[in-house]
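Here's the letter readout for the chains.
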Amino acid sequence: MTLRLLLASLFVTMAASAIGQDATDPHGIAPIMRANDEVNLLTDLSPLKLTKEQYPKVIAALKASREKFDKELKALEAKEAASVKKLKPKVEEAHAKAMKGEIPPDSYFDEWQKMVMAHAVDRANLRINTVRSLGDELKKVLTEEQVKSAIASAKKVITKAQGGKEPDPAKYGDNSLYWYYVENVLMNDLVPGLLEKLAKPSE
């Protein structure tokens, strides 16, 4: 949600790419990076002021949404793989010719790009539908005041990211700001675990 968290996530992604998929963390910074991510998320969650009755309901909604998203993403990945395999003969032919110095026709690149764009659209739609569906479920749990707090929090972050310029109302109405908060805060993988800890009585 926050600019700090987005930058931190980018840093972790770059670090993981540099050290491989196993993310062996040779310098021992992973716990520090995670703790910083949690600080940012807790800061963003704070305005909601969830009650003890709301915690289990919000956590359940987040987990159910994630499970549904993962299932639909798996099906989408299978569909994407099938479309890639369809182009196998054309790719192999183009590859063989390219190895001999022959440049494939524009139609080859156009077809591949069309496929990639279709995949991107499908994934974007899945993300959008998940955000809106989860947002609707959470509105059944959150109070009107809490929804307003989420909107205000999103507006504050976007304003800061834009160098102090408030979001354009034509682009960021209240619904868009609420969905922004749902996607960038509540859908973060760390949030269910954080909420479970917050829901426990203080010792």
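This structure is a prediction, so every number in the text was calculated from the model and none was measured.

A. Representation of the packing of helix H3 (residues 54-86) against helix H8 (residues 191-199) in the model. Closest axis-to-axis distance for the H3/H8 pair is 10 Å, and the angle between their directions is 165°. Our classification of the angle between H3 and H8 gives roughly antiparallel. Along this stretch, H3 crosses H8, giving a crossing that reads as left-handed. Packed against H3, whose contacting residues are Tyr55, Val58, Ile59, Leu62 and Lys63, the element H8 presents Val191, Pro192, Leu195, Glu196, Leu198 and Ala199 at the interface. In terms of residue class, the contact of H3 with H8 is made up of nine nonpolar, no polar and two charged.

B. Region of the structure containing the confidence of the model for the protein chain. For the protein chain, the mean per-residue pLDDT works out to 90, and 88% of the residues sit at or above 70. The weakest mean pLDDT in the protein chain belongs to helix H1 (residues 3-19) at 49; the strongest belongs to H3 at 98. Of the regions scoring below 50 in pLDDT, residues 14-21 engages in four contacts with residues more than four places distant in sequence or in other chains.

C. Unusual backbone geometry, seen in detail. For Lys49, which is not a glycine, the phi torsion comes out positive at approximately 50°. A residue is classified by how much of its surface remains accessible, and Lys49, at 65% relative accessible area, is exposed.

D. Up close: the pattern of salt bridges. Under the criterion given, the structure shown has 15 salt bridges. In this structure, Glu38 and Arg34 form a salt bridge, with 3.1 Å as the shortest nitrogen-oxygen distance. Of this pair, Glu38 and Arg34 are both found in helix H2 (residues 30-45), four residues apart, which corresponds to roughly one turn of the helix. Owing to a relative accessible area of 16%, Glu38 belongs among the buried residues under this scheme. Among the salt bridges present, the one from Lys63 reaches Glu196, with a minimum N-O distance of 2.6 Å. Highlighted residues: Lys63 in helix H3 and Glu196 in helix H8, separated in sequence by 133 residues. On the accessibility criterion, Lys63 (42% relative accessible area) is partly exposed. The class of Glu196 is partly exposed, set by a relative accessible area of 32%.

E. Up close: the nonpolar core. Membership of the largest hydrophobic core comes to 32 residues, with the highest contact counts inside it found for Leu138, Tyr178, Tyr181, Leu186 and Leu195. Counting only elements with at least two residues in this core, the list comes to H2, H3, helix H5 (106-139), helix H6 (144-161), helix H7 (174-186) and H8. The greatest single-element share of this core, amounting to seven residues, is contributed by H7. Excluding anything up to four places from it in sequence, Tyr178 contacts Gly135, Leu138, Lys139, Leu142, Val147, Ala150 and Ile151.

F. How the structure looks around the packing of aromatic side chains. For the structure on display, the rule yields one aromatic pair. Its end group placed over the ring of Trp179, Arg132 keeps NZ or CZ at 4.0 Å from the ring centre. For Lys139, the ring lying beneath its charged end belongs to Tyr178, and the centroid distance is 4.8 Å.

G. Structural detail: a nonpolar patch on the surface. Side chains of Val84, Trp112 and Val116 sit close together on the surface and give an oily, nonpolar patch of about 210 Å² of accessible area. Tracing the chain through its elements places Val84 in helix H3. With relative accessibility at 34%, the residue Val84 sits in the partly exposed group.

Analysis parameters
- Residues numbered from 1 in each chain as written.
- Predicted model: local features only at pLDDT ≥ 70, side-chain atom pairs only at ≥ 80, totals over all residues.
- Heavy atoms only, no water.
- Axes fitted to C-alpha atoms, helices over the stretch in contact; angles between N-to-C directions.
- Helix = DSSP H or I, 4+ residues; strand = E, 2+ residues; numbered from the N terminus.
- Parallel < 35°, antiparallel > 145°, perpendicular 65-115°, else oblique.
- Left-handed = near helix turned anticlockwise from the far one by under 90°.
- Contact = heavy atoms within 4.5 Å.
- Nonpolar A, V, L, I, M, F, W, Y, C, P; charged D, E, K, R; others polar.
- pLDDT = per-residue confidence, 0-100.
- Buried < 20%, exposed > 50% of the residue type's maximum accessible area, 1.4 Å probe, protein only.
- Salt bridge = Lys/Arg side-chain N within 4 Å of Asp/Glu carboxyl O.
- Core = buried A, V, L, I, M, F, W, Y, C linked by side-chain atoms within 4.5 Å.
- Phe/Tyr/Trp six-rings, centres within 6.5 Å; stacked < 30°, edge-to-face > 60°.
- Lys NZ or Arg CZ within 6 Å of the ring centre and 35° of its normal.
- Patch = residues over 30% accessible without salt bridge, like charges linked within 9 Å, V, L, I, M, F, W, Y side chains within 5 Å.
- Areas by Shrake-Rupley, 256 points an atom, 1.4 Å probe, with all protein chains shown as cover.

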